[in-house]
Amino acid sequence: QVQLVESGGGLVQTGGSLRLSCAASRIAFNLTTMAWYRQAPGKEREWVADIKPDGTTKYADSVSGRFTMSRDNAKNTVYLQMNSLKFEDAAVYYCKARGPFTGRDYWGKGTVVTVSS
């Protein structure tokens, strides 16, 4: 069973930074496209960023220039460095892996990011 475990969420002031991590297991990580999504209260889950096996990244317009996604294939882990955080960045952040052979999506349980003044 593929397992994704997010960590690094917490309370941060506007303008501050956080780094989220997502550790993956039981998946061919170096062949897997990974992504971050988020869901704010009362809103639908939205895509934030993704990273391909070759390290190519894409970002939602709302976070481009502030967030950076990276991966460490030796640790089977992806990161999301979040800078210049805004109130609207507050959400539960989820990690997603797309199985490289099946195309099936796997999700973590999420980590909560709270942004205060």
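Quick look at the structure, then.

**Remarks on the pairing of strand 9 (residues 91–98)**
Look at any regular strand and the pattern is simple: side chains alternate between the two faces of the sheet.
Here is step 1: The buried count for strand 9 comes to six of eight residues, which makes it a mostly enclosed element.
Here is step 2: As defined by bridge partners, strand 9 adjoins strand 11 (residues 111–116) across three bridges and the pair is classed as antiparallel. Within the sheet, the bridge partner assigned to V92 lies in strand 11 and is V112.
Here is step 3: What sits between strand 9 and strand 10 (residues 105–107) in their antiparallel hairpin is a turn of six residues, with G103 showing a positive phi close to 75°.

**Describing the sheet that holds strand 1 (residues 3–7)**
Strand pairing in a sheet takes place through backbone hydrogen bonds and is either antiparallel or parallel in direction.
Here is step 1: Here we have four strands laid out as an open sheet, ordered 1-3-8-7, and antiparallel in their pairing. Strand pairing shows two members of the sheet lacking a second neighbour, strand 1 and strand 7 (67–72), which therefore form its edges. With direction set aside, neighbouring strand axes in the sheet form an average angle of 15°.
Here is step 2: Sheet topology note: the strand 7/strand 8 (residues 77–82) ladder contains six bridges and is antiparallel. Bridge pairing links S70 to Y79 in strand 8.

**Looking at unusual backbone geometry**
Here is step 1: The backbone of R26 shows a phi angle near 60°, a positive value even though the residue is not glycine.
Here is step 2: By the element assignment, R26 lies in the loop between strand 3 (18–25) and strand 4 (33–39).
Here is step 3: Located in the positive-phi region is N76, a residue other than glycine, with phi close to 50°.
Here is step 4: With respect to the helices and strands, the residue N76 is situated in the loop between strand 7 and strand 8.
Here is step 5: Taking relative accessible area as the criterion, N76 reaches 24% and is therefore assigned partly exposed.

**Some thoughts on the nonpolar core**
Here is step 1: Counting 30 residues, the largest nonpolar core has M34, W36, V78, L80, M82 and Y93 as the members making the most contacts within it.
Here is step 2: Breaking this core down by element, the ones donating at least two residues are strand 3, strand 4, strand 5 (46–51), strand 7, strand 8, strand 9 and strand 11.
Here is step 3: Not counting residues up to four positions away in its chain, the partners in contact with Y93 are E6, L20, W36, Y37, R38, V48, F67, L80, M82, G110, T111 and V113.

Reading the values: the criteria
- Residues numbered from 1 in each chain as written.
- Predicted model: local features only at pLDDT ≥ 70, side-chain atom pairs only at ≥ 80, totals over all residues.
- Heavy atoms only, no water.
- Buried < 20%, exposed > 50% of the residue type's maximum accessible area, 1.4 Å probe, protein only.
- Helix = DSSP H or I, 4+ residues; strand = E, 2+ residues; numbered from the N terminus.
- Pairing = 2+ DSSP bridges.
- Axes fitted to C-alpha atoms, helices over the stretch in contact; angles between N-to-C directions.
- Core = buried A, V, L, I, M, F, W, Y, C linked by side-chain atoms within 4.5 Å.
- Contact = heavy atoms within 4.5 Å.

Without other data, these values stay purely geometric and don't point to any function.
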